[in-house]
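Understanding the architecture of this molecule
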Amino acid sequence: MYINAAIAISPQDTFLKDQIADEVIEHNGIMKTILPDFKEYFKPIDLRRMSRIIKSGTTTALECLKEAGIEKPDAIITGTGLGCLEDTESFLNKMIDNNEGLLTPTAFIQSTHNTIGGHVALTVQCNEYNVAYVHKTISFETALLDAVLMLGEGKAENILVGGIDEMTQENYELKKRVNLWKKEPFSNLNTYKSDSEGCIPGEGATFFNVTKTRKANSYAEIKMVELVHKYENIDDFKKLIENRINNSGITINDIDLVLFGYNGDDNGDAYYDLLKDSIFSKSGHAYYKHLCGEYDTAPAFALWLAVKIFKTGKAPDNIFIKKPEGEIKNILIYNQDINKNHAFMLLSK
Amino acid sequence: MEELIPKLKQQIIEQLNLEDMTPDDIDEKAPLFNEGLGLDSIDALELIVLLEREYGIKMENPQDGKKVFYSVETLAQFILENKK
Amino acid sequence: MQFDKDKKVFVTGIGIISAIGTNAKETLSSLEHKKHGISQISHIKTIHKDELKVGEIKLTNAEIKERLNLQGDNTYPRTTLLAIHAAKEAYEDAGLKRNDGFKTGVILGTTVGGMDKSEVVYKNIGEDLSFIDSHHCGYTTERVADFLGAHDFVSSLSTACSSGVNAILLGARLIKHGILDRAIVGGTDALSKFTINGFRTLMILHTEHSCPFDKNRKGLNLGEGAGIIVLESEKSLNGKKVYCELTGYANNNDAFHQTASSPDGLGPYLSMKNALEMSGLKPCEIDYINVHGTGTDNNDVTEGLAMIKLFDGKVPKFSSTKAFTGHALGGAGGIESVFSILAIEHDMIFPNLNFKEAIPEINLIPVTETIKNAGVKNVMTNSFGFGGNDSTLIFSKV
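Residues numbered from 1 in each chain as written. Chains lettered and ligands numbered in written order. Predicted model: local features only at pLDDT ≥ 70, side-chain atom pairs only at ≥ 80, totals over all residues. Heavy atoms only, no water.

Details of the overall build of chain A
Filter applied, for reference: The helix and strand labels rest on DSSP assignments: H or I over at least four residues marks a helix, E over at least two residues marks a strand, and numbering proceeds from the N terminus. Computation of the radius of gyration draws on C-alpha atoms, with the globule rule given as 2.2 Å multiplied by the number of residues to the power 0.38. Three labels apply to residues, based on accessible area from a 1.4 Å probe with only protein chains included: buried if under 20% of the type maximum, exposed if over 50%, partly exposed otherwise in between. Residue contacts are counted whenever heavy atoms from the two residues lie within 4.5 Å of one another. Only the protein chains shown count as cover for residues, with accessible areas throughout obtained via the Shrake-Rupley method and a probe of 1.4 Å. Neither His nor the chain termini are counted; the positive set is Lys and Arg, and the negative set is Asp and Glu. For the purpose of locating charges, the reference atoms are NZ of Lys, CZ of Arg, CG of Asp and CD of Glu.
Along its length, chain A carries 11 helices and 11 strands. In terms of overall dimensions, chain A is globule-like: its C-alpha atoms have a radius of gyration of 19 Å, near the 20 Å expected for 349 residues. Seen through its principal axes, chain A has C-alpha atoms that stretch 60 × 45 × 40 Å. In chain A, which comprises 349 residues, the share counted as buried stands at 66%. A separation threshold of at least 6 residues defines the contact pool for chain A, and within that pool the share at least 24 residues apart is 77%. Here chain A displays about 12,300 Å² of accessible surface, and carbon together with sulfur accounts for 46% of that area. Between the averaged position of the 38 positive side-chain charges in chain A and that of its 49 negative side-chain charges there is a distance of 3 Å.

Here's what the structure looks like:
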């Protein structure tokens, strides 16, 4: 499976850009996405029901199709941890505050998790397969795996795959109660610095166009998408991952760079170390969540970053824990959620 | 009627979240739906709530909305006839 | 990983809990004897209690927990409890054992997720903060996977009211790709204040018992429940009883409007057509369609038109069973898949309750009395959802 287009709206200046500047844009508090002017994309009347995440998701999807030179994909597959959170909260709050009186349907309709996939289908008039995966931190990887399956089935030639999540102040405050975040004040520039519990909240909308066959504009080949819900024995887990990589057409020694999902929370980061210092010890090591923050579909941002490293042949220095020598040809992206939902995406230039 | 129309236009703009629109952009005689302003069935449901909240008028059957919501003018007429 | 188009996917276990029964046996008896489960709301505190009718499961959360022998002070959302209840039945029905060497995964669809729990405490947060973690849609799937010890693939999807069917679809595909030997799949959703109010704003809730495909239909009754099935490849069967084979599936998008169906039902037509093509069956070989049939003005006409087009006017026997259970949203596809499997297993077609007069635009008459010895070999079931999401499955007698 080949990636031919990648578009990201993120807390960095990434929209329609080919690489991330060496200088990281600082966010104090929630890492909010930097938004384009949506009025260039939608008529005012069409914007009336579109929340921030719907605008971001639809815009990245449309730009992705444009970059790939495709009018209509053969399938639209999305991943999202919490879907249209702002609309969900809006309806929930009004329902409780107004004691169930005088409610309107818009926020309720948008609160369904497949809203963006459906909206993209509606916009480009795509009648084909359209599903939204909603399994926390593997929502995007499940969507990507579905694309791999679908291309393997010969039912589609080109697919739009995306990961979308938004962070709201309300959700931030809620999760503060369970100590999910770092203690305030925090800045993404210090994501990994201190020994601390908690991570930094982020958000993003990222879409890819994938095809079965290689195109002139293909940037990367996805060699493997592997999901491991949980393991009982770390040695068996290492063996399993090593086997899967070795079966993908390259060997574990060919991996130039591993993009780890380190988020600065000591509780979860220790589990990355287990593989970093063993089966991946020979590869280069990098992290990316200081750029996008922690959110369920952050691995989609990592995939965008990997694709752009291939496309430009350059990587920002700020991502490296251990910089590999020579050209980066094979990148493995590894994300997990405190030793659950381990997800791997392996791609080659 | 003359007072109600601009007020109603403003309320519609707010209820339907019509960003960047002003009351002057809406022709009170033009159709609100489809080929007119471009509203749809979900907007009709939003307008039903607007009627209840601002004018105390309850519309039980969404089908009744078709005539009432034809234009700002028909809506204003309906409000004047049914306002409590 | 190698895709084998011809690899057969069998149903070996079924589990169900809805307003008409807490297991397959009770459910079948209710369907056969036209015993519906529509009543007033008793578990949810809502101001709409007296003006709406729903398909509610009368067991309380505490009673379900007791039945499941769930230890400790866990406070699972109802959506989760219903899923575990149905999954346990399906798992035992299929005679599965933990760690038997076959790759077993769990994929579920839900729309409500943990909302039934979150909405109660959201504005009045006390000491119990567990709702924060149990809110997301993947929570239920993980609890089911833990309960059954099935961890070889665990994921979730949400496509509004077609969620349950799409989970079955992914499970079947993972088996055909050899990623799994068996998949525990389906849908679950509990009634919640959130969905009751949401559907009420759409003005498509019938205040009385719904009457799908009737000329005077006035909307749907919401329901709740879970329908979960075990899919297996030939490899793990080992001579055990097989209910039927999943011979066709498809998902398409109507791409017309966020909530309304296109006037000619293009999405439903495509999903039925593609599932039929995949099954290799002729249209006349479909013996029964368990339709989506919500009882809304819009759905029943467009679904009817799509059936007329696909079957060239010769529409097979069909019924909507939503007047039995209410519309259980993400649970509906799982529940109605179980009904479809029961139809094959017991050679029976279940009635469409409350039908009096055909809708003039389509003039289709559903099955209104239980038909026994109906010669049911192939059953089609439809599930459609917001965002134009349309899915169809076909189950066939082996």
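Okay, back to it.
A closer look at the interface of chain A and chain C
Going by this rule: Note: buried area is the sum, over both parts, of the accessible area (probe 1.4 Å) each one loses when the two are combined. Within 3.5 Å is the distance limit for a polar contact, defined as a pair of N or O atoms, with the added protein rule that one can donate a hydrogen and the other accept it, and that residues adjacent in sequence qualify only through two side-chain atoms. Put simply, Ala, Val, Leu, Ile, Met, Phe, Trp, Tyr, Cys and Pro go in the nonpolar bin, Asp, Glu, Lys and Arg in the charged bin, and everything else, Gly too, in the polar bin.
Opposite the 59 residues of chain A that make contact, chain C presents 64 residues. Taken together, the two surfaces of chain A and chain C that pack against each other cover about 5,200 Å², and 63% of this comes from carbon and sulfur. Broken down residue by residue, the surface that chain A buries against chain C is led by A:Glu100, A:Phe108 and A:Asn127, which jointly contribute 13%. Inspection of the region where chain A meets chain C yields 28 residue pairs in polar contact (both at pLDDT 80 or more). Counting residues per element, the ones that place at least two in the side of chain A that touches chain C are helix H3 (85-97), helix H4 (105-110), helix H5 (115-124), strand E3 (129-133), helix H6 (139-152) and helix H7 (169-176) of chain A. It is H3(A) that provides the largest number of residues to the side of chain A that touches chain C, a total of 8 residues. Across the side of chain A that touches chain C, the residue classes break down as 25 nonpolar, 20 polar and 14 charged.

Considerations on the environment of A:Glu153
Position of A:Glu153 among the secondary structure elements: in the loop between H6 and strand E4 (158-165). By relative accessible area, A:Glu153 is classed as buried at 11%. Ignoring sequence-local partners within four residues, the contact set of A:Glu153 consists of C:Phe3, C:Arg173 and C:His177. Side-chain polar atoms of A:Glu153 contact the side chain of C:Arg173, separated by 2.9 Å.

Concerning the interface of chain C and chain B
Short version of the rule: Definition used for salt bridges: Asp or Glu carboxyl oxygen within 4 Å of a side-chain nitrogen of Lys or Arg.
At the junction of the two partners, chain C supplies 7 residues and chain B supplies 9 residues. Of the roughly 540 Å² buried between chain C and chain B on both sides combined, carbon and sulfur atoms contribute 65%. At the boundary of chain C and chain B, one finds 0 salt bridges. Viewed at the interface, chain B and chain C are joined by 1 residue pair in polar contact (both at pLDDT 80 or more).

Some words on the environment of A:Pro324
Residue and element names in this part refer to chain A. Structurally, the position occupied by Pro324 is in the loop between strand E9 (320-322) and strand E10 (330-335). Residue classification places Pro324 among the buried residues on the basis of a relative accessible area of 16%. Each C-alpha atom, one on Pro324 and one on Tyr41, is 40 Å from the other, the two residues being 283 residues apart in sequence. If we ignore the near neighbours within four places in the chain, the residues touching Pro324 are Asp256, Leu257 and Gly284.

Describing the packing of aromatic side chains
Which entries qualify depends on this criterion: The criterion for an aromatic pair is that two Phe, Tyr or Trp rings (for Trp, the six-membered ring) have centres within 6.5 Å, with stacked assigned to planes under 30 degrees apart, edge-to-face to planes over 60 apart and tilted to the rest.
Following the criterion strictly, the structure yields 25 aromatic pairs over all chains and no others. Between A:Phe108 and C:Phe199, the aromatic rings sit 5.5 Å apart at their centres with planes inclined by 70°, giving edge-to-face as the arrangement. Taken together, the residues A:Phe108 in helix H4 and C:Phe199 in helix H8 (residues 193-201) connect one chain to another. Ring centres 5.1 Å apart and planes at 65° place the aromatic pair C:Phe213 and C:Phe318 in the edge-to-face group.

A closer look at the sheet that holds strand E7 (residues 222-223) of chain C
Residue and element names in this part refer to chain C. Threshold: By definition, two strands form a pair when at least two bridges between them are found by DSSP.
Taken in spatial order, the 3 strands line up as E2-E3-E7 in an open sheet, and their pairing is mixed. Because the sheet does not close on itself, it has two edges, and the strands there are strand E2 (38-39) and E7. Across 2 bridges, the pairing between strand E3 (residues 54-55) and E7 is parallel. Across the sheet, Gly55 pairs through a bridge with Gly223, a residue of E7.

As for the domain arrangement of chain A
Quite often, the size of an interface is put as the accessible area lost when its parts meet. Residues and elements named next belong to chain A. The cut-off we apply is this: Domain ranges listed in this record stem from an automatic or a database domain assignment.
The domain boundaries assigned to chain A delineate domain 1 (2-211) and domain 2 (220-348). In this structure, domain 1 and domain 2 have C-alpha centres spaced 22 Å apart. Counting residues at the interface gives 52 residues for domain 1, matched by 41 residues for domain 2. For the pair domain 1 and domain 2, the summed buried area comes to about 4,000 Å², and 60% of that belongs to carbon and sulfur atoms. Across the domain 1-domain 2 interface, the total number found is 3 salt bridges. The salt bridge partner of Asp337 is Lys136, with a shortest N-O separation of 3.2 Å. For the interface between domain 1 and domain 2, the tally reads 15 residue pairs in polar contact (both at pLDDT 80 or more). Of all the secondary structure elements, the ones that give two or more residues to the side of domain 1 that touches domain 2 are strand E1 (2-9), H6, E4 and strand E5 (204-211). Per-element tally for the side of domain 1 that touches domain 2: the top contributor is H6, with 7 residues. Here the residues of the side of domain 1 that touches domain 2 are counted per class, giving 22 nonpolar, 19 polar and 11 charged.

Brief notes about the pattern of salt bridges
Under the definition given, this model contains 55 salt bridges over all chains. Here A:Lys176 ties to A:Glu184 by a salt bridge, and the two come within 2.7 Å at their closest N and O atoms. With a relative accessible area of 35%, A:Lys176 lands in the partly exposed category. B:Lys29 is paired through a salt bridge with B:Glu73; the nearest N and O atoms lie 2.7 Å apart. Placement of the pair is B:Lys29 in the loop between helix H1 (4-15) and helix H2 (41-55) and B:Glu73 in helix H4 (residues 72-82), with a sequence separation of 44 residues. For B:Lys29, a relative accessible area of 55% translates into the label exposed.

Thoughts on the packing of H1(B) against H4(B)
Residues and elements named next belong to chain B. Stated formally: Between N-to-C directions, angles cover 0 to 180 degrees, with each direction set by a line fitted to C-alpha atoms, over the stretch in contact for helices. For classification, angles of less than 35 degrees are called roughly parallel, those exceeding 145 degrees roughly antiparallel, those between 65 and 115 degrees roughly perpendicular, and all remaining angles oblique.
One way to put it is that H1 packs onto H4 with a least axis distance of 10 Å and a crossing angle of 110°. Between H1 and H4, the angle falls in the class roughly perpendicular. Two secondary-structure elements touch here, H1 through Leu4, Ile5, Leu8, Lys9 and Ile12 and H4 through Val72, Glu73, Leu75, Ala76, Ile79 and Leu80. A class-by-class count of the residues in the contact of H1 with H4 yields 9 nonpolar, no polar and 2 charged.

Remarks on the confidence of the model for chain B
Residues and elements named next belong to chain B. What counts here: Confidence of the prediction at every residue is given by pLDDT, a number between 0 and 100.
On average, chain B scores 91 in pLDDT, and the residues at 70 or more come to 99%. Looking across chain B, the model is least confident in helix H3 (residues 65-68), with a mean pLDDT of 87, and most confident in H1, with 95. For this predicted complex, the interface score ipTM comes out at 0.97, alongside a pTM of 0.97.

Here we look at H1(B)
All names here are of chain B. Definition in use: How far a helix is expected to stretch is found by multiplying one less than its residue total by 1.5 Å.
For H1, spanning 12 residues, the distance from its first C-alpha to its last is 16 Å, which sits close to the expected 16 Å at 1.5 Å a residue. If you check which residues of H1 are buried, you get Leu4, Ile5, Leu8, Lys9, Gln11, Ile12, Ile13 and Gln15. Check the buried side of H1 and you find it contacts H2 and H4. With its phi angle positive at about 60°, Asn17 sits one or two positions after the end of H1.

Considering the side chain of C:Glu56
Relative to the assigned elements, C:Glu56 resides in the loop between E3 and helix H2 (61-68). There is a polar contact of 2.7 Å between the side chain of C:Glu56 and the side chain of C:Ser42.

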